[in-house]
Amino acid sequence: MTSHVLVTRARRLADDLLAPHAEQVDQEGVPASHIEAIKQSGLLGVSAPVAYGGSAAPGAVARETAEILAGACCSTWFVQTQHHTPVMTVAKSELPVRERLLGPLSRGELMSGVAYAHLRAYPRIPVRVSRERGGWRFDGTVPWYTGWGLNDVMLLAGVTDADEALFAFTEAREQPGLRPSTPMRLAALTASRTVSLELDGLWLPEEAVALHVPYAQWAEADRPKPTNASPAVFGVAAAALALLDENTAAPLRTRLDEVREQAYALAEHPVPHEHLAERLALRTQAYEVLMTATTAAVVAGGGRSLSLTSRAQRLAREALFLLVQGQTAESRAAHLKVLADA
């Protein structure tokens, strides 16, 4: 636990706004007012450079604020967490888009979504990028895009004919060459306004590009990210434990703290490509505690847990979502092996 100002703001936001309305949001959708509150809090710039209006907070602060938000309202957390990848992508970029967007993104004046997870399907290429009119043409399907109608911009990625990963920004709205599906009905986090995107000749100028590198280079940098346990897992698990009596919660809380400590120690390791097997093992252990905690909360609630207004039931569905959020073939195989050996 830290005393950083952003942690204090996250707790206040969680206690005063997110948690009291979480069941309503789960059924009706994340409201624009929640996103405006996140923007005003400074949390969108938690890891952004100070020179551009961010806080450049330590990783421990970013993880703790994520735990707090996810434990209070996982749908709101999931919408806003998309923003942090675009911020860090632009912060590392040496292209002109950095000076145009890094400040507004860091200060929370704009919130960005992401459309890049499909890159992990390679060698299958759901979104193809090609040269056209001095810019870039995008064609294909983005299977998942979260925050439609809430985000201002999106960071869109595809693969070029030269096997390069190309990331570029565009407005998060329907436009020529970009058409959203109707919002998906999901078992959990329907509130996050997730759609698929059909791209049919979407054209973006060269100055919209934030990253353009060989695919193999991008994949090498991306590989460690899905092996780490998500802070949201610990946040939702802790929220479930809060619904239990202390005799039931205490041993589970001890286990949760142990896994969190080990997982976060590896997250701070200076070489992200090391200890991948251990990272995956801890990710799976975190899931085990999450599922036990949310199942216990449902059991403790009895028949009331079947109501859509039940916090325990909502947390249990959110836990199911977190089991597959950020999943790759590698993390899926590791998790299934543990389940099969149990």
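Residues numbered from 1 in each chain as written. Predicted model: local features only at pLDDT ≥ 70, side-chain atom pairs only at ≥ 80, totals over all residues. Heavy atoms only, no water.

Enquirer: Before we go on, may I ask you to explain the packing of helix α4 (residues 59-72) against helix α5 (residues 74-81) in this structure?
Expert: The description of two packed helices rests on the angle between their axes and on the distance between the axes. Axis separation between α4 and α5 bottoms out at 5 Å; the angle between their running directions is 135°. Between α4 and α5, the interaxial angle falls into the category oblique. Of the residues in α5, those in contact with A66, L69, A70 and A72 of α4 are C74, W77 and Q80. Broken down by class, the residue content of the contact of α4 with α5 amounts to six nonpolar, one polar and no charged. (Axes fitted to C-alpha atoms, helices over the stretch in contact; angles between N-to-C directions. Helix = DSSP H or I, 4+ residues; strand = E, 2+ residues; numbered from the N terminus. Parallel < 35°, antiparallel > 145°, perpendicular 65-115°, else oblique. Contact = heavy atoms within 4.5 Å. Nonpolar A, V, L, I, M, F, W, Y, C, P; charged D, E, K, R; others polar.)

Enquirer: Teacher, can you tell me more about the pairing of strand β2 (residues 127-132) here?
Expert: Strand residues, when the strand is regular, have side chains that alternate between the two faces of the sheet. Two elements, β2 and strand β3 (residues 135-146), share six bridges in a ladder whose sense is antiparallel. Of the residues in β3, the one forming a bridge with V127 is G140. The loop that links β2 with its antiparallel partner β3 comprises two residues; one of these, R133, has a positive phi angle of about 50°. Here β2 runs beside strand β4 (residues 153-160); their pairing, made up of two bridges, is parallel. Following the sheet pairing, R128 is matched in β4 by V159. (Pairing = 2+ DSSP bridges.)

Enquirer: Would you explain the nonpolar core in this entry?
Expert: Note that soluble globular proteins tend to have their nonpolar side chains buried in a common cluster. Among the nonpolar cores identified, the biggest contains 63 residues, and L69, W77, F234, L290 and L322 are the most heavily contacted of them. Of all hydrophobic cores here, the second largest spans 23 residues; its members include L101, L119, F169 and Y215. (Core = buried A, V, L, I, M, F, W, Y, C linked by side-chain atoms within 4.5 Å. Buried < 20%, exposed > 50% of the residue type's maximum accessible area, 1.4 Å probe, protein only.)

Enquirer: I'm lost on helix α9 (residues 231-241) in this one. Help?
Expert: Side chains three or four residues apart in an α-helix point the same way, a direct result of the helix having 3.6 residues per turn. The element α9 is extensively covered by neighbouring structure, given that 10 of its 11 residues are classed as buried. Listed as buried for α9 are P231, A232, V233, F234, G235, V236, A237, A239, A240 and L241. If you follow the buried residues of α9, they end up packed against α4, α5, α10 (246-267), α11 (276-301) and α12 (311-324). The N-cap residue of α9 is S230: its side-chain oxygen and the backbone nitrogen of A232 are 3.1 Å apart. (Polar contact = N/O pair within 3.5 Å; in protein donor to acceptor, adjacent residues only side chain to side chain.)

Enquirer: Which parts of the structure should I look at to understand the packing of aromatic side chains?
Expert: Aromatic ring pairs are reported here in terms of the distance separating the ring centres and the angle at which the planes meet. A complete count under the given rule lists nine aromatic pairs for this structure. Taken together, a centroid distance of 4.1 Å and an interplanar angle of 25° make the contact between Y122 and Y215 stacked. Of this pair, Y122 sits in the loop between β1 (112-115) and β2 while Y215 is found in helix α8 (residues 215-222), placing the two residues 93 residues apart along the sequence. Relative accessible area serves as the criterion here: at 30%, Y122 is assigned to the partly exposed category. Judged by relative accessible area, which is 9%, Y215 ranks as buried. With 5.4 Å between their ring centres and 85° between their planes, F234 and Y264 make a pair best called edge-to-face. Residue F234 is found in helix α9, and its partner Y264 is found in helix α10; the two are separated by 30 residues along the sequence. This pair shows no difference in class: F234 is buried, exactly as Y264 is. (Phe/Tyr/Trp six-rings, centres within 6.5 Å; stacked < 30°, edge-to-face > 60°.)

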